[in-house]
Amino acid sequence: MKHPDLSTKEGRKAHRHEMRMVAVRPRRWGLWLLTAGFLMVLAPSALNLHSLFGLWPPMLGAICIIMGVPLLAASVVLKRRYLRQRMAGQAMVGRIKG
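It should be emphasised that the depicted structure is a prediction, and the values quoted were computed from it without experimental measurement.

Peer 1: Help me understand the overall build of the protein chain in this model?
Peer 2: A tally of helices and strands in the protein chain yields three helices and zero strands. For the protein chain, the α and β elements follow one another from N to C terminus as α-α-α. Every one of the 98 residues in the protein chain was classed for burial, and the buried ones make up 21%. The contacts of the protein chain with a sequence gap of at least 6 include a subset with a gap of at least 24, amounting to 62%. Surface exposure of the protein chain reaches about 7,600 Å², of which carbon and sulfur atoms provide 69%.

Peer 1: Just checking my understanding: could you explain a positive patch on the surface for this structure?
Peer 2: Residues Lys9, Arg12, Lys13, Arg16 and Arg20 make up a contiguous surface patch of positive charge. Tracing the chain through its elements places arginine 20 in helix 1 (residues 9-20).

Peer 1: Would you mind showing me how to read the confidence of the model for the protein chain here?
Peer 2: On average, residues of the protein chain carry a pLDDT of 82, and 80% of them reach 70 or more. At the low end of the mean pLDDT range in the protein chain sits helix 3 (residues 57-97), at 83; at the high end sits helix 2 (residues 24-47), at 88.

Peer 1: For this particular structure, what's the right way to read a nonpolar patch on the surface?
Peer 2: A grouping of Leu55, Trp56, Met59, Ile63 and Met67 is seen on the molecular surface, where their side chains present a nonpolar patch of about 490 Å² in accessible area. Mapped onto the elements, tryptophan 56 comes out in the loop between helix 2 and helix 3. Since its relative accessible area comes to 55%, tryptophan 56 is described here as exposed.

Peer 1: Can you help me understand helix 1 in this one?
Peer 2: Structurally, the α-helix is built with 3.6 residues per turn, so residues lying three or four positions apart point the same way. With 12 residues, helix 1 ought to run about 16 Å at 1.5 Å a step, and its terminal C-alpha atoms sit 17 Å apart, in line with that. Those residues of helix 1 lying buried are Gly11, Glu18 and Met19. Taken around the axis of helix 1, the buried residues stretch over an arc of 95°, which confines them to a single face. Exposed side chains of helix 1 directed beyond 90 degrees from the buried face belong to Lys9, Glu10 and Lys13.

Peer 1: Any chance you could explain the UniProt feature "transmembrane region" (unreviewed entry) in the protein chain here in plain terms?
Peer 2: When the UniProt feature table is mapped onto this chain, "transmembrane region" (unreviewed entry) is found at residues 29-47 and 59-78. As a span, residues 59-78 carries 100% helix and 0% strand, and end to end its C-alpha atoms are 29 Å apart.

Cut-offs and rules
Residues numbered from 1 in each chain as written. Predicted model: local features only at pLDDT ≥ 70, side-chain atom pairs only at ≥ 80, totals over all residues. Heavy atoms only, no water. Helix = DSSP H or I, 4+ residues; strand = E, 2+ residues; numbered from the N terminus. Buried < 20%, exposed > 50% of the residue type's maximum accessible area, 1.4 Å probe, protein only. Contact = heavy atoms within 4.5 Å. Areas by Shrake-Rupley, 256 points an atom, 1.4 Å probe, with all protein chains shown as cover. Patch = residues over 30% accessible without salt bridge, like charges linked within 9 Å, V, L, I, M, F, W, Y side chains within 5 Å. Salt bridge = Lys/Arg side-chain N within 4 Å of Asp/Glu carboxyl O. Lys, Arg positive; Asp, Glu negative; His and termini not counted. Charge placed at Lys NZ, Arg CZ, Asp CG, Glu CD. pLDDT = per-residue confidence, 0-100. Expected span 1.5 Å × (residues − 1). Arc of directions from axis to C-beta. UniProt positions renumbered as here; feature names shortened; annotations may be inferred.

Encoded structure:
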């Protein structure tokens, strides 16, 4: 893996894009579940909705939030692991060349 040159605008853009693309799916699903859960928790008071598919909306919202938080935590762990491996690989290349 070659590191982008951070001294140029294109290199910084490539680095930002690469970091954004790490762990996209768990982060995206986690944010969707948190948003849906928050909206379901607010639904009974905002829309006078007291039953959704025969279930209580705040309970569904809590389940969505409980499922979304571990996904966001997993995306943070995956991103940190990727960055740590990337930096360790670059250090290894430096030792081999030097």
